Amino acid sequence: MLLAGKSVLITGAANRIGAQIARTLHESGANLIIHYRHSIKAALSLNEELNGLRANSAETMQAELSDLSNLSTLAQNAAKTFGKLDVLINNASSFYPTPIGEINQQHWQDLMSSNFQVPLFLSQACYPYLRDSRGIIINMLDIYASAPLKNHSLYCCAKAANQMLVKSLALELAPEVRVNGIAPGAILWPEQSDAAETDAQKAILDQIPLGRSGSPESIAQTALFLINNDYLTGEIIRVDGGRLINNF
Ligand SMILES: NC(=O)c1ccc[n+]([C@@H]2O[C@H](COP(=O)([O-])OP(=O)(O)OC[C@H]3O[C@@H](n4cnc5c(N)ncnc54)[C@H](OP(=O)(O)O)[C@@H]3O)[C@@H](O)[C@H]2O)c1
């Protein structure tokens, strides 16, 4: 129970990778604040699951993060729930193609906000609490922050900015707060994929030296490692089955 007594806020934690990180950190003893936006059913179900395993060890919080005025309340409430805040995981994200010729301001706002602006402003809002607990921020990045995915310029640029944010904050918030990133490769495909996307997914799998997609558990184990290793900051760990080896 390496994380016993630690309090963790994960954004977009109701489903998929965020939910697995919540389960893995909870299994290590952490108390969880499960943030969600629309996925109330999944968030409540995860909350019930975790509290069923250990009473009073999880809480849900709803917020539309792109409305920046919600962030200080979220940070305050998260720190109040278990009396402190040790870990912030900026996991919430939007992801979809934005081919040139079709990009509009709403795409810009949505993709830049969830993948870059919110991680910055929520980190800022949580910083006083994380400083008090000598805590850690983990930003969920993407291998596409380093090598772009065709037709996804906005998403790639937002994650690239977020990658620099990790390093900038690691420098600025040291020595009290550590800041690291995880750059997943192919872990979970978007939930609705058409035939063309399924073909593109097969082509991606062909480029992965390990020959398969990763699991949410492989990401959650990386988060656990980053939290537990107290001499790591400014580090970005790729978890991609070797996919980027050929690109550098
Ligand atoms: N899946 C992969 O293979 C993969 C690969 C590379 C990188 N990543 C990164 O890993 C992280 C997790 O990936 P994922 O696929 O599990 O994520 P996801 O399912 O696409 O999104 C996670 C959650 O983010 C929340 N969200 C999005 N915009 C929001 C906003 N404006 N305000 C509040 N919440 C918002 C949504 O919550 P609600 O459902 O509650 O609305 C959503 O369920 C992301 O940062 C992603 O970029 C994933």
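Residues numbered from 1 in each chain as written. Predicted model: local features only at pLDDT ≥ 70, side-chain atom pairs only at ≥ 80, totals over all residues.

A tally of regular secondary structure across the protein gives seven helices and seven strands. Going from N to C terminus, the protein has its helices and strands arranged as β-α-β-α-β-α-β-α-β-α-β-α-α-β. Relative to the compact-globule value of 18 Å for 248 residues, the protein shows a C-alpha radius of gyration of 17 Å, a close match. Viewed in the frame of its principal axes, the protein has a C-alpha envelope of about 50 × 35 × 35 Å. Each of the 248 residues in the protein was classed as buried or not, and the buried ones make up 42%. A separation of at least 24 residues holds for 74% of the contacts in the protein among residues at least 6 apart in sequence. (Helix = DSSP H or I, 4+ residues; strand = E, 2+ residues; numbered from the N terminus. Rg over C-alpha atoms; globule rule 2.2 N^0.38 Å. Buried ≥ 20, exposed ≤ 12 C-beta atoms within 10 Å, placed from the backbone. Contact = placed C-beta atoms within 7 Å.)

So, about the sheet that holds strand 7 (residues 236-239). Hydrogen bonding along the main chain pairs the strands of a sheet, whether they run parallel or antiparallel. Judged by pairing direction, the sheet is parallel, and its seven strands sit side by side in the order 3-2-1-4-5-6-7 without closing on themselves. Among the strands making up the open sheet, the edge pair consists of strand 3 (58-62) and strand 7. This sheet shows a mean twist of 15° between the axes of neighbouring strands, independent of strand direction. Across the sheet, helix 7 (residues 216-228) is in contact with strand 4 (87-90), strand 5 (136-140), strand 6 (178-184) and strand 7; its angle to strand 6 comes to roughly 160°. (Pairing = 2+ DSSP bridges. Axes fitted to C-alpha atoms, helices over the stretch in contact; angles between N-to-C directions.)

A word on the site of the ligand. In the region of the ligand, 25 residues are neighbours, and G12, R16, R37, S93 and I187 sit closest. The greatest single-element share of the shell around the ligand, amounting to three residues, is contributed by helix 1 (residues 16-27). (Near = placed C-beta within 6 Å.)

Bringing the packing of helix 1 against helix 7 into the picture now. When two helices pack together, their arrangement is given by the angle between the helix axes and by the axis-to-axis distance. The interhelical angle for the contact between helix 1 and helix 7, taken along N-to-C directions, is 50°, at an axis separation of 8 Å. With respect to their mutual orientation, helix 1 and helix 7 come out oblique. As for how helix 1 packs across helix 7, the hand of that crossing is right-handed. Mapping the contact onto sequence places R16, I17, Q20, I21, T24 and L25 in helix 1 and P216, E217, I219, A220, Q221, A223 and L224 in helix 7. Residue composition of the contact of helix 1 with helix 7, by class: eight nonpolar, three polar and two charged. (Parallel < 35°, antiparallel > 145°, perpendicular 65-115°, else oblique. Left-handed = near helix turned anticlockwise from the far one by under 90°. Nonpolar A, V, L, I, M, F, W, Y, C, P; charged D, E, K, R; others polar.)

Between its terminal C-alpha atoms helix 6 (residues 195-206) stretches 17 Å, which fits the 16 Å expected from 12 residues at 1.5 Å a residue. Burial of helix 6 is sparse: only zero of the 12 residues sit out of reach of the surface. (Expected span 1.5 Å × (residues − 1).)

What follows deals with the packing of helix 3 (residues 71-81) against helix 4 (residues 105-133). Taken N-terminus to C-terminus, the directions of helix 3 and helix 4 make an angle of 35°; their axes are 9 Å apart at the nearest point. You can see that helix 3 and helix 4 cross each other, and the crossing is right-handed. For the pair helix 3 and helix 4, the contacting residues are L71, S72, A75 and A79 in the first and F121, L122, A125, C126 and Y129 in the second. Here the contact of helix 3 with helix 4 is built from residues that sort into eight nonpolar, one polar and no charged.

Once that is clear, we can look at helix 1. In a regular helix each residue adds 1.5 Å, so 12 residues correspond to 16 Å; helix 1 covers 17 Å between its end C-alpha atoms and thus fits that length. All of the buried residues along helix 1 are I17, G18, A19, Q20, I21, A22, L25 and H26. Buried positions along helix 1 lie against strand 1 (7-10), strand 2 (31-36), helix 2 (40-53), strand 3, strand 4 and helix 7. Note on helix 1: the residue one or two positions beyond its end, G29, has a positive phi of about 110°.

Here Q201 shows up in helix 6. Look at Q201 and you get partly exposed, because 15 C-beta atoms sit within 10 Å. Taking the C-alpha atoms as reference, Q201 lies 9.8 Å from S213; in sequence the two are 12 residues apart. Non-local contacts of Q201, meaning those with residues more than four positions away in its chain, are made with W189 and S193.

Relative to the elements of secondary structure, A174 occurs in the loop between helix 5 (153-173) and strand 6. Residue classification places A174 among the exposed residues on the basis of 12 C-beta atoms within 10 Å. Taking C-alpha positions, A174 is 9.7 Å from G234, a pair spaced 60 residues apart along the chain.

Further remarks concern the nonpolar core. Core analysis: the biggest nonpolar cluster contains 65 residues, and L32, I34 and A223 have the highest contact counts within it. Not counting chain neighbours up to four residues away, the residues in contact with L32 comprise V8, I10, A22, L25, H26, L50, S57 and A58. (Core = buried A, V, L, I, M, F, W, Y, C linked by C-beta atoms within 7 Å.)

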